[in-house]
Amino acid sequence: MNQIIKAISADGFVSISVIDSKELADCARNIHNTTPVVTAALGRTLAASSIIGSSLKKPGASLTVRIDGGGPAGSIIVVSDDEGNVRGYVANPLADVPKRDDGKLDVGGVVGKDGMLSVIRDFGEKEPYTGATALVSGEIAEDFAAYFAASEQVPTACAFGVLVDRDRTVLAAGGYIVQLLPGAPEHVIDDVERNVAQTGAVTDVLKQGGAQALMESVMSGFFPKILEIQEVSYKCTCSRERFLAAVLSLDKSEIEDMKQKGEPIEVCCQFCDAKYLFEPDELV
């Protein structure tokens, strides 16, 4: 079960959102047939986007995250709805790089860090709100922390991880976003940093105790009050009707060429790999 837990410290100075996204990450891996390192990169981005999307608080709102780091994986695109349900894809799902010296997957290497992280919030009113910051490491969590600090001026600590098994399936995935709220005294920062260091790898905690255990570890000593628990999923919104409308929006000369060839047109969804077939007589 993919689950987000949102909580706040008893003193009201620290908020946290934790996600257990194992099934979500493995669903994406299965759809896109990603290499282990790309599974980790996409899985981390899905987790972060799900948490942020779930905070939009307006029905019908959406969040789009785009990471362009210049690495072998190419662009990573993830879209979340206002309930934290996400979908995503990577330009090159088969990209691969050697493991780091410590034996861990080199997410920063496959993503790259010569580029930008963009976050677009669309509330369906006028122009969407777009924030963008330069990538710090391509490791995803550090890049989101830098985004919050630079684009939203909110002191934030992030950690996201994906543990991939030898058969390429996902053993554990998820992470957290913890933020200091206005008025937080200096010692609170030190306490949060200590807890983050003691918590260690998020996938180890998630594998043993899920989102609840991760939240309690990061918020140790803060006596957190749970505000909300919600289930999220990998959810694509594509449909035959939407793709037909997209095809019909092409230039009239292109549509006429398709009709004259007399062959069915196949369109594939980048997010879920669903395929839709349209006959020439439907292009009217």
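For the structure itself, consult the block above.
Residues numbered from 1 in each chain as written. Predicted model: local features only at pLDDT ≥ 70, side-chain atom pairs only at ≥ 80, totals over all residues. Heavy atoms only, no water.

Novice: Looking at this model, I keep getting lost on the pattern of salt bridges. Mind explaining?
Specialist: It is possible for side chains bearing opposite charge to pair when their charged atoms get close. Throughout the structure, instances matching the rule amount to 10 salt bridges. One salt bridge in this structure joins arginine 29 and aspartate 26, with 2.7 Å as the shortest N-O distance. With arginine 29 and aspartate 26 both in helix H1 (residues 22-32) and three residues apart, this pair spans about one turn of that helix. The buried category is assigned to arginine 29, whose relative accessible area is 14%. Among the salt bridges present, the one from glutamate 139 reaches arginine 100, with a minimum N-O distance of 3.8 Å. (Salt bridge = Lys/Arg side-chain N within 4 Å of Asp/Glu carboxyl O. Helix = DSSP H or I, 4+ residues; strand = E, 2+ residues; numbered from the N terminus. Buried < 20%, exposed > 50% of the residue type's maximum accessible area, 1.4 Å probe, protein only.)

Novice: Honestly, helix H7 (residues 240-248) in this entry has me stumped. Any pointers?
Specialist: In an α-helix, one turn spans 3.6 residues, which is why side chains three or four residues apart end up on the same side. All of the buried residues along H7 are Phe243, Leu244 and Val247. Down the axis of H7, the buried side of the element spans an arc of 100°, and every buried residue falls inside it. Relative to its buried face, H7 has exposed residues pointing more than 90 degrees away, namely Glu241 and Arg242. (Arc of directions from axis to C-beta.)

Novice: Would you mind showing me how to read the sheet that holds strand E2 (residues 14-20) here?
Specialist: What links the strands of a sheet is backbone hydrogen bonding, and the strands pair in either a parallel or an antiparallel sense. Taken in spatial order, the five strands line up as E8-E9-E2-E1-E10 in an open sheet, and their pairing is antiparallel. Two strands lie at the open edges of the sheet, namely strand E8 (156-164) and strand E10 (225-231), each paired on one side alone. For this sheet the average axis-to-axis angle between neighbouring strands, irrespective of direction, equals 10°. Taken strand by strand, H1 contacts E2 and strand E9 (170-180), and its axis lies near 125° from that of E9. (Pairing = 2+ DSSP bridges. Axes fitted to C-alpha atoms, helices over the stretch in contact; angles between N-to-C directions. Contact = heavy atoms within 4.5 Å.)

Novice: When you look at a negative patch on the surface in this model, what are you seeing that I'm missing?
Specialist: On the surface, Asp251, Glu254, Glu256 and Asp257 cluster together into a patch of negative charge. Tracing the backbone shows aspartate 257 in helix H8 (residues 252-261). Overall, aspartate 257 belongs to the partly exposed group, its relative accessible area being 43%. (Patch = residues over 30% accessible without salt bridge, like charges linked within 9 Å, V, L, I, M, F, W, Y side chains within 5 Å. Areas by Shrake-Rupley, 256 points an atom, 1.4 Å probe, with all protein chains shown as cover. Lys, Arg positive; Asp, Glu negative; His and termini not counted. Charge placed at Lys NZ, Arg CZ, Asp CG, Glu CD.)

Novice: Looking at this structure, how should I read the pairing of strand E11 (residues 265-268)?
Specialist: Consecutive side chains of a regular strand alternate in pointing toward one face of the sheet and then the other. Across the two faces of E11 the burial differs, with Ile265 and Val267 buried and Glu266 and Cys268 not buried at all. With antiparallel pairing between neighbouring strands as the criterion, E11 and strand E12 (residues 275-278) make up a hairpin whose turn holds six residues, including aspartate 273 at a positive phi of roughly 70°.

Novice: Any chance you could explain the sheet that holds strand E7 (residues 129-134) here in plain terms?
Specialist: One open sheet holds the five strands; their spatial order is E5-E4-E3-E6-E7, and the pairing between them is antiparallel. Edge strands, defined here as strands with exactly one partner in the open sheet, are strand E5 (86-90) and E7. Ignoring strand direction, the axes of neighbouring strands in this sheet form an average angle of 10°. Relative to strand E6 (residues 116-122), strand E3 (residues 62-68) runs antiparallel, the two sharing seven bridges. Counted as the bridge partner of serine 62 is aspartate 122 from E6.

Novice: Help me out: how do you make sense of the packing of H1 against helix H2 (residues 36-53) in this one?
Specialist: The description of two helices packed together rests on the angle between their axes and the distance between the axes. As a packed pair, H1 and H2 sit with axes 9 Å apart at the nearest point and diverge in direction by 135°. Accordingly, the angle class assigned to the pair H1 and H2 is oblique. Considering the relative orientation of H1 and H2, their crossing is right-handed. Together, Leu24, Ala25, Ala28, Arg29 and His32 of H1 and Thr39, Leu42, Gly43 and Leu46 of H2 make up the contact between the two elements. For the contact of H1 with H2, the residue count by class is five nonpolar, three polar and one charged. (Parallel < 35°, antiparallel > 145°, perpendicular 65-115°, else oblique. Left-handed = near helix turned anticlockwise from the far one by under 90°. Nonpolar A, V, L, I, M, F, W, Y, C, P; charged D, E, K, R; others polar.)

Novice: What am I meant to see in the nonpolar core here?
Specialist: In summary, soluble globular proteins display a tendency toward joint burial of nonpolar side chains. Formed by 62 residues in total, the largest nonpolar core has its most connected members in Val110 and Phe144. Per-element tally for this core: the top contributor is H2, with 10 residues. Sequence-distant contacts of valine 110, defined by excluding residues within four places in its chain, comprise Val37, Val38, Ala41, Gly71, Pro72, Ala73, Ala95, Asp96 and Val97. Counting 20 residues, the second largest nonpolar core, distinct from the first, contains Ile5, Val14, Val202 and Phe222. (Core = buried A, V, L, I, M, F, W, Y, C linked by side-chain atoms within 4.5 Å.)

Novice: I would appreciate a short explanation of the side chain of serine 15 in the present structure.
Specialist: Of note, serine 15 is situated in strand E2. Judged by its relative accessible area of 18%, serine 15 falls in the buried class. When near neighbours in sequence (up to four residues on either side) are disregarded, serine 15 contacts Ala7, Ile8, Ile177, Val178, Gln179 and Leu181.

Novice: Looking at this model, I keep getting lost on the state of the cysteines. Mind explaining?
Specialist: By definition, a disulfide links the sulfur atoms of two cysteine residues through a covalent bond. Taken as a whole, this structure holds zero disulfides when the rule is applied. Take cysteine 236: it sits in no disulfide, and the sulfur closest to it among the cysteines is that of cysteine 269, at 3.6 Å. Summary of cysteine pairing: cysteine 272 is not part of a disulfide, and the nearest cysteine sulfur, belonging to cysteine 238, is at 3.5 Å. (Disulfide = S-S within 2.5 Å.)

Novice: Would you explain the side chain of serine 21 in this entry?
Specialist: Along the chain, serine 21 falls in the loop between E2 and H1. Here serine 21 falls in the buried class, since its relative accessible area comes to 0%. Residue contacts for serine 21: discarding those within four places in its chain leaves Asn2, Ala47, Ala173 and Gly174.

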